[in-house]
Amino acid sequence: MKRRNFITLLGGAAAWPLAAGAQQAAMPVIGFLGSESPDLFANRLRAFREGLSENGYIEGRNVTFEFRWAEGQYDRLPEMAADLVRRHVSVIAANGPPAALAAKAATSTLPIVFSGGIDPVKLGLVVSLNRPGGNVTGVSQFSTVLEGKRLELLHKLVPNAAVIAMLVNPTFPGTDSITNDIQIAARALGLKLNVLNASSEHDFDTAIARIVQLRAGALIVASDPFFFSRRDQLVTLVAHHAVPAIYQFREFAAAGGLMSYGTNLTDAYRQVGIYVGRIFKGEKPADLPVVQPTKFDLVINLTTAKALGLTVPPTLLALADEVIE
């Protein structure tokens, strides 16, 4: 082999790692900003990745992730969002309204796709549902607007409970609006509503003990990512005090909660993944309508009802989309 050809080959070989590095650098990065902890997020992440794959994006092959988890401490989210922006991620997927607000405050240019339960227009995330405008779109479960319906369903199951307690997280955006709406619904049903606050695990015992002191006949656990991430602890504590309760998502009933009424979370996160994939293909968040739920599931845990000595009325059972026995 001639010396000149040998040098040329060496030069080409030396360039291969550089080319590979450039290709890797060009791989899109999803900054996943979580309001919760990763422990109980596996099913939703699986659904998110399924949505991505529908647009041809597979983690490790042509897309990668940067995860940030606030563990229910919402005050950590602004810095986490800012860090993702500094790292030049391609898009931010925001879990819950607190994360979505933090991401929106951190950037007006990076695409943001959220999943959350509060009306995104009222929250200031988008201009309208059909034409979001700006750099934000996503999936709204409208969980918070269902609190009145949850109260109605709970009242059907425990009609003799004249005093109802509601557990809210005061640090969750929209809590004041949720509380006002549920107070109106309670008055319409002739019920007395007591609102109790909990923003950390240490508050749970105090709040549940207060429910017993108030002689509340039932409990509504308000929509909140932190509560959802601590669902096993909450359900166990509520069961220990034998308080009939209704929650926002099926996962609570599956964990032993009495009832739940809300949207399907795995479907929501699959749609978030689909939107992220469409953005990678060139679509803009401003042109992607906010996805709204078309179905709400009522789940009743009959085993828990029996343990509480409750008989579920046939009319309520007929409304249930799923009965756990």
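Each remark here, short or long, concerns the structure printed above.
Everything quoted here is computed from the prediction, not taken from an experiment.

K.L.:
When you look at helix α3 (residues 77-86) in this model, what are you seeing that I'm missing?
P.N.:
In an α-helix, one full turn covers 3.6 residues, which means residues spaced three or four apart are oriented alike. Buried within α3 we find Leu 77, Met 80, Ala 81, Asp 83 and Leu 84. Along the axis of α3, the buried positions cluster into a sector of 155°, meaning they face one direction only. Buried residues belonging to α3 abut β1 (29-34), β2 (64-69), β3 (91-95) and α4 (97-106).

K.L.:
Just checking my understanding: could you explain the sheet that holds β1 for this structure?
P.N.:
Strand pairing in a sheet takes place through backbone hydrogen bonds and is either antiparallel or parallel in direction. If you walk across this open sheet you meet the five strands as β2-β1-β3-β4-β5, and the pairing is parallel. With partners counted over all chains shown, the strands left at the sheet margins are β2 and β5 (136-140), one partner each. Strand-to-strand twist across the sheet, computed as the mean angle between neighbouring axes with direction ignored, equals 20°. On the sheet, helix α2 (residues 42-53) packs against β1, β2 and β3 and is oriented at approximately 150° with respect to β2.

K.L.:
Can you help me understand unusual backbone geometry in this one?
P.N.:
Both trends apply: most residues other than glycine have a negative phi, and most peptide bonds are in trans. One non-glycine residue with positive phi stands out, namely Glu 71, at about 55°. The residue Glu 71 is located in the loop between β2 and α3 in this model.

K.L.:
Looking at this structure, how should I read helix α8 (residues 201-213)?
P.N.:
Regarding α8, the residues found buried are Phe 204, Ala 207, Ile 208 and Ile 211. Looking straight down α8, one finds that the buried residues subtend no more than 95° of arc, so they occupy a single side. Opposite the buried face of α8, at more than 90 degrees from it, the exposed residues are His 202, Thr 206 and Gln 213. Where α8 is buried, its residues touch β6 (163-168), β7 (192-197), β8 (218-221), α9 (225-229) and α10 (231-240). Directly beyond the C-terminal end of α8, a positive phi value near 55° is found at Arg 215.

K.L.:
I'm lost on the layout of surface pockets in this one. Help?
P.N.:
By volume, the largest pocket amounts to about 270 Å³. Lining the largest pocket are 15 residues, and of these Asn 264, Asp 267, Ala 268, Pro 293 and Thr 294 sit closest to its centre. Only β5 and α12 (265-280) provide two or more residues apiece to the lining of the largest pocket. When residues of the lining of the largest pocket are assigned to their parent elements, the largest contribution, four residues, is made by α12. Of the residues contributing to the lining of the largest pocket, the split by class is four nonpolar, seven polar and four charged.

K.L.:
Would you mind showing me how to read the sheet that holds strand β12 (residues 322-324) here?
P.N.:
Taking strand neighbours across the sheet as the criterion, the seven strands line up as β7-β6-β8-β9-β10-β11-β12 in an open arrangement whose pairing is mixed. Each of the sheet's edge strands pairs with one partner strand only, and the pair in question is β7 and β12. If you compare each strand with its neighbour and ignore which way they point, the axes differ by 20° on average. The pairing of β8 with strand β9 (residues 245-247) spans two bridges and is parallel. Along β9, the bridge assignment pairs Leu 219 with Ala 245. Sitting on the sheet, helix α7 (residues 175-188) is in contact with β6, β7 and β8, with an inclination near 160° to β7. Its contacts with the sheet place α8 against β6, β7 and β8, and it is angled at close to 160° to β7.

Rules used in this analysis
- Residues numbered from 1 in each chain as written.
- Predicted model: local features only at pLDDT ≥ 70, side-chain atom pairs only at ≥ 80, totals over all residues.
- Heavy atoms only, no water.
- Buried < 20%, exposed > 50% of the residue type's maximum accessible area, 1.4 Å probe, protein only.
- Helix = DSSP H or I, 4+ residues; strand = E, 2+ residues; numbered from the N terminus.
- Arc of directions from axis to C-beta.
- Contact = heavy atoms within 4.5 Å.
- Pairing = 2+ DSSP bridges.
- Axes fitted to C-alpha atoms, helices over the stretch in contact; angles between N-to-C directions.
- 1 Å grid on protein atoms, 1.4 Å probe; cavity = no way out; pocket = protein on both sides within 12 Å on 5 of 7 lines; lining within 4 Å.
- Points joined across faces, edges and corners; volume = space filled by probe spheres on them.
- Nonpolar A, V, L, I, M, F, W, Y, C, P; charged D, E, K, R; others polar.

No statement about biological role is implied by the geometric values presented.
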